[in-house]
Amino acid sequence: MSKTATGPSKHAHLRSNRIVAALRKAMAAIEAEIDANEGIYPGVRLSQAELCRRAGVSQKTLQNASHKSTTLIEVNAWLKRIRKLMVTGRRSVRSKVTERVDHWKHEYVQLATHYNISRLEVADLEVTLRKKDEALAKARTRIAALEAEALELRRELSEGKVVRMPTRSKMAH
């Protein structure tokens, strides 16, 4: 073969490989979407045309002689296999979607209930904390009064020999 004969042939082979790679990449992406959506394809109806659109390949390309006996057979086998795994039919899809909506509605109601219970618990804790703070403030006031009374009693018992020492807060300054 001459170099001119291998040049275009090589280019055509590389182009075919790019087309097959693009189709396989689109197939993998579609399978991932179907798995993520629990058996439902989120796009339009899954067909050769949809696969080719996602791959950026003309559907007519699959009818070319170089793809008709290889790539087209692979695409049709993949479509047949993937359709068996999918939830298909208007009623089946609606039923599956309704199940999911009901499940998530139930989850939402449970979450909202727990949230509201938590808000009530926080409100109760805030009330309890306020009461404890008030009791602590009263106790501190009572302690200050008792310390003042104890100091006065010591002064009276010492017959005037007690000298008042500065408090800690005055010593720190």
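Residues numbered from 1 in each chain as written. Predicted model: local features only at pLDDT ≥ 70, side-chain atom pairs only at ≥ 80, totals over all residues. Heavy atoms only, no water.

## A few points about the nonpolar core
And then number 1: Formed by 19 residues in total, the largest nonpolar core has its most connected members in Leu23, Ile30, Ile34, Leu46, Leu51, Val75 and Trp78.
And then number 2: Those elements giving two or more residues to this core turn out to be α1 (3–36), α2 (48–55) and α4 (71–85).
And then number 3: Broken down by element, the residue count for this core peaks at six residues, all from α1.
And then number 4: The contact partners of Trp78, leaving out residues within four places of it in the chain, are Met27, Ile30, Glu31, Leu46 and Leu51. (Core = buried A, V, L, I, M, F, W, Y, C linked by side-chain atoms within 4.5 Å. Buried < 20%, exposed > 50% of the residue type's maximum accessible area, 1.4 Å probe, protein only. Helix = DSSP H or I, 4+ residues; strand = E, 2+ residues; numbered from the N terminus. Contact = heavy atoms within 4.5 Å.)

## Comments concerning the environment of Glu50
And then number 1: In this structure, Glu50 sits in helix α2.
And then number 2: Spatially, the C-alpha atoms of Glu50 and Ala26 are 9.7 Å apart, while their sequence positions differ by 24 residues.
And then number 3: Within the local environment of Glu50, its side chain forms a polar contact with the side chain of Tyr41, the two groups lying 2.5 Å apart. (Polar contact = N/O pair within 3.5 Å; in protein donor to acceptor, adjacent residues only side chain to side chain.)

## Focus: the side chain of Ser16
And then number 1: Following the sequence through the fold, Ser16 ends up in helix α1.
And then number 2: With a relative accessible area of 18%, Ser16 lands in the buried category.
And then number 3: The contacts of Ser16, once residues within four sequence positions are left out, are Ser66 and His67.

## A short note on α4
And then number 1: Its 15 residues place the ends of α4 21 Å apart at the C-alpha level, agreeing with the 21 Å of an ideal helix rising 1.5 Å per residue.
And then number 2: Listing the buried residues of α4 in full gives Thr71, Leu72, Val75, Trp78, Leu79 and Ile82. Angular distribution of buried residues about the axis of α4 spans 125 degrees; they occupy a single face of the element. The exposed set on the far side of α4, more than 90 degrees from its buried face, consists of Ile73, Lys80 and Lys84. (Expected span 1.5 Å × (residues − 1). Arc of directions from axis to C-beta.)

## As for the confidence of the model for the protein chain
And then number 1: Residues with a pLDDT of 70 or more make up 90% of the protein chain, whose mean pLDDT is 85.
And then number 2: Ranking the elements of the protein chain by mean pLDDT puts helix α6 (residues 168–172) last with 63 and α2 first with 92.
And then number 3: Taken as a whole, residues 1–5 scores under 50 in pLDDT and shows one contact with residues more than four places along the chain or in a different chain. (pLDDT = per-residue confidence, 0-100.)

## A look at the pattern of salt bridges
And then number 1: Within this structure, the stated rule accounts for six salt bridges.
And then number 2: Between Glu74 and Arg24 there is a salt bridge, with the nearest N and O atoms lying 2.8 Å from each other. One end of the pair, Glu74, is in helix α4; the other, Arg24, is in helix α1, with 50 residues separating them in the sequence.
And then number 3: We classify Glu74 as partly exposed; its relative accessible area is 30%.
And then number 4: Classification of Arg24 by relative accessible area gives partly exposed; the value is 46%.
And then number 5: Arg54 is the salt-bridge partner of Glu33, the closest N and O atoms lying 2.8 Å from each other. Of this pair, Glu33 sits in helix α1 while Arg54 sits in helix α2, placing them 21 residues apart in sequence.
And then number 6: Accessibility expressed as a relative area gives 27% for Glu33, which makes it partly exposed.
And then number 7: When its relative accessible area of 27% is taken as the criterion, Arg54 is described as partly exposed. (Salt bridge = Lys/Arg side-chain N within 4 Å of Asp/Glu carboxyl O.)

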